[in-house]
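Survey of secondary and tertiary structure
Residues per chain, in single letters:
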Amino acid sequence: MNFKRNISIIGGAGHVGFPLGLVLSSKGFKVSLIDKDKTNIKKINNGQIPFLEENSEKLLNSMIRKKRIHATDQLNEILKSKYIVVCIGTPITTQLNPNLKTFINFFHQLKKFLKKNQIVIIRSSIYPGICDKIYKIIKKKCKNLSYCPERIVQGKLILELPDLPQLVSGKSKKAILESGKLFKKICKKIIYTKVIEAELVKLFSNAYRYINFAISNQFYMICQNQNLNFSKIRNIMREGYMRNADIPISGFTAGPCLLKDTMQLSSFYSHKFLLGHSAMHINEGIPKFIINKLENKFNLKKKTVGVLGLTFKAETDDIRDSLSIKLLKLLRLRRVKTLQSDEFYKSKKNISKKDLVEKSDIIILATPHKAYKKLKIRKNKTLVDIWGLIDS
Ligand SMILES: NC(=O)c1ccc[n+]([C@@H]2O[C@H](COP(=O)([O-])OP(=O)(O)OC[C@H]3O[C@@H](n4cnc5c(N)ncnc54)[C@H](O)[C@@H]3O)[C@@H](O)[C@H]2O)c1
């Protein structure tokens, strides 16, 4: 056993931990993926990927053959590792405050197994100031705590990680030096920052994206109220006019990160983050807005509404915090007959996209999977295409 080449990843069967483990093992490290999700542990050890992640299946099987990666639910596995990378979730409560209890409690558990010369790296997106709190919990056993946030787009970690600058911050010189050394093996560029700077860079980045999407979603609502097509107007805005080049398309802005991190930031700013709150009202309000528009036109109880796409974004199988699911729930609460379909997320309730288009009076394109682009939809059907994917 080579302690210095061993890495434990906690939350190792999750969307951040699993692909990170693959990348590190491909550089010669021996990786233990520690997780409490026994189903995903079993899958990983059998060479099956627990969710869609580009380029991961072949790599997983190759790393298993070379005995460089394995998954377990035993936290004491960290005793064998120099590096302990923490990638567990950081959810918010129903009152939109960070749910810090579980995250902090985890470190009380971890402390029992920690040794002086280990390096603990927090990779989850955290509420600013949390690193200081964690440091106070573990410092008697180990002072080497660093914060190196993940900034990839979900599903593309293996592709993106080598090219993204990695932020490295820490509570001790050794933590910073060792974490920098580790990430230099898998990333081209390291940016050293203070812990609070890294915490804010991560939250500002996600809040910035979330607000940007809300701008387009608000424009979409304005256009809908005038029976105008936002996609067309957006195209005209951008044509030969570079200052508008970055305006996003409208759509269901959802998923486990953007809203959550915007609310973590708001909580940090004593809930005075007005832009963040407005963005949340707009983005989370889109399903209800669409239903209200349809209700103004039709008696929805006499219609069948098909929801095309259930995942929170295109080409993934992840429905966490998906607005398609919220839309379906709102429709069902109103006792509207619904049908659902998805290209990647499997459910017994799903039907094929062709059947959905055939059997529905109203089709809501909720996730812009590429497979929907060329769908033929007859003129007697109503299509709601907020993404502008097949509008024309
Ligand atoms: N998904 C992304 O694209 C992304 C990108 C950047 C940052 N992040 C951040 O990274 C963190 C993890 O996100 P994720 O999407 O990977 O979440 P996830 O739910 O996919 O993975 C978290 C994993 O941690 C495991 N876990 C939770 N508590 C545990 C415990 N006490 N012991 C062992 N395992 C435990 C869960 O079973 C799960 O497998 C969050 O803070 C998130 O905001 C996510």
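Our structure's up above, just so we're on the same page.
This section reports on the structure supplied with the text.

Let's shift gears to helix α11 (residues 274–297). The end-to-end C-alpha distance of α11 is 33 Å, a good match for the 34 Å that 24 residues give at a rise of 1.5 Å each. The sharpest bend along α11 measures roughly 50° and falls at Ile 286, with the proline Pro 287 sitting one to four residues further on. Looking only at α11, the buried set comprises Gly 276, Ala 279, Met 280, Ile 282, Asn 283, Ile 286, Pro 287, Phe 289, Ile 290, Ile 291 and Leu 294. Of the surrounding elements, those touching the buried residues of α11 are α8 (195–225), α10 (258–268), α12 (323–333), β11 (362–365) and β12 (382–384).

The next subject is the sheet that holds strand β8 (residues 190–192). Across the sheet, which stays open at both edges, the eight strands sit in the order β3-β2-β1-β4-β5-β6-β7-β8 with mixed pairing between neighbours. Because the sheet does not close on itself, it has two edges, and the strands there are β3 (69–72) and β8. Across the sheet, the axes of successive neighbouring strands diverge by a mean angle of 25°, strand direction being ignored. One ladder, built from four bridges, connects strand β1 (residues 6–10) with strand β4 (residues 83–86); its direction is parallel. Counterpart to Ile 9 in the pairing with β4 is Val 85.

Moving on, we get to the site of the ligand. Taken together, the neighbourhood of the ligand is formed by 23 residues, with His 15, Asp 35, Thr 90, Gln 154 and Lys 260 sitting nearest. In this structure, an oxygen atom belonging to the ligand sits 3.0 Å away from a main-chain N or O atom of Ser 125. Here the ligand, which alone exposes 820 Å², has 85% of that area covered by the protein. Here the shell around the ligand is built from residues that sort into eight nonpolar, eight polar and seven charged.

Here we have four strands laid out as an open sheet, ordered β10-β9-β11-β12, and parallel in their pairing. Two strands bound the open sheet, and with one partner strand each, they are β10 (337–341) and β12. Each strand of the sheet is rotated relative to its neighbour by a mean of 20°, with strand direction disregarded. Of the strand pairs in this sheet, β11 and β12 are connected by three bridges, and their pairing is parallel. The residue bridging Ile 363 from the neighbouring strand is Leu 383, located in β12.

All right, on to the environment of Ile 282 then. Turning to its location among the elements, Ile 282 is positioned in helix α11. For Ile 282, a relative accessible area of 14% corresponds to the buried category. Sequence separation between Ile 282 and Ile 211 is 71 residues; the distance between their C-alpha atoms is 9.3 Å. What Ile 282 contacts, discounting residues up to four positions off in sequence, is Ala 214, Asn 217, Gln 218 and Met 221.

Basis of the calculations
- Residues numbered from 1 in each chain as written.
- Predicted model: local features only at pLDDT ≥ 70, side-chain atom pairs only at ≥ 80, totals over all residues.
- Heavy atoms only, no water.
- Helix = DSSP H or I, 4+ residues; strand = E, 2+ residues; numbered from the N terminus.
- Expected span 1.5 Å × (residues − 1).
- Bend = angle between axes of the 7 residues up to and from the residue.
- Buried < 20%, exposed > 50% of the residue type's maximum accessible area, 1.4 Å probe, protein only.
- Contact = heavy atoms within 4.5 Å.
- Pairing = 2+ DSSP bridges.
- Axes fitted to C-alpha atoms, helices over the stretch in contact; angles between N-to-C directions.
- Near = heavy atom within 4 Å.
- Polar contact = N/O pair within 3.5 Å; in protein donor to acceptor, adjacent residues only side chain to side chain.
- Areas by Shrake-Rupley, 256 points an atom, 1.4 Å probe, with all protein chains shown as cover.
- Nonpolar A, V, L, I, M, F, W, Y, C, P; charged D, E, K, R; others polar.

Purely spatial values, then, with no claim about function.
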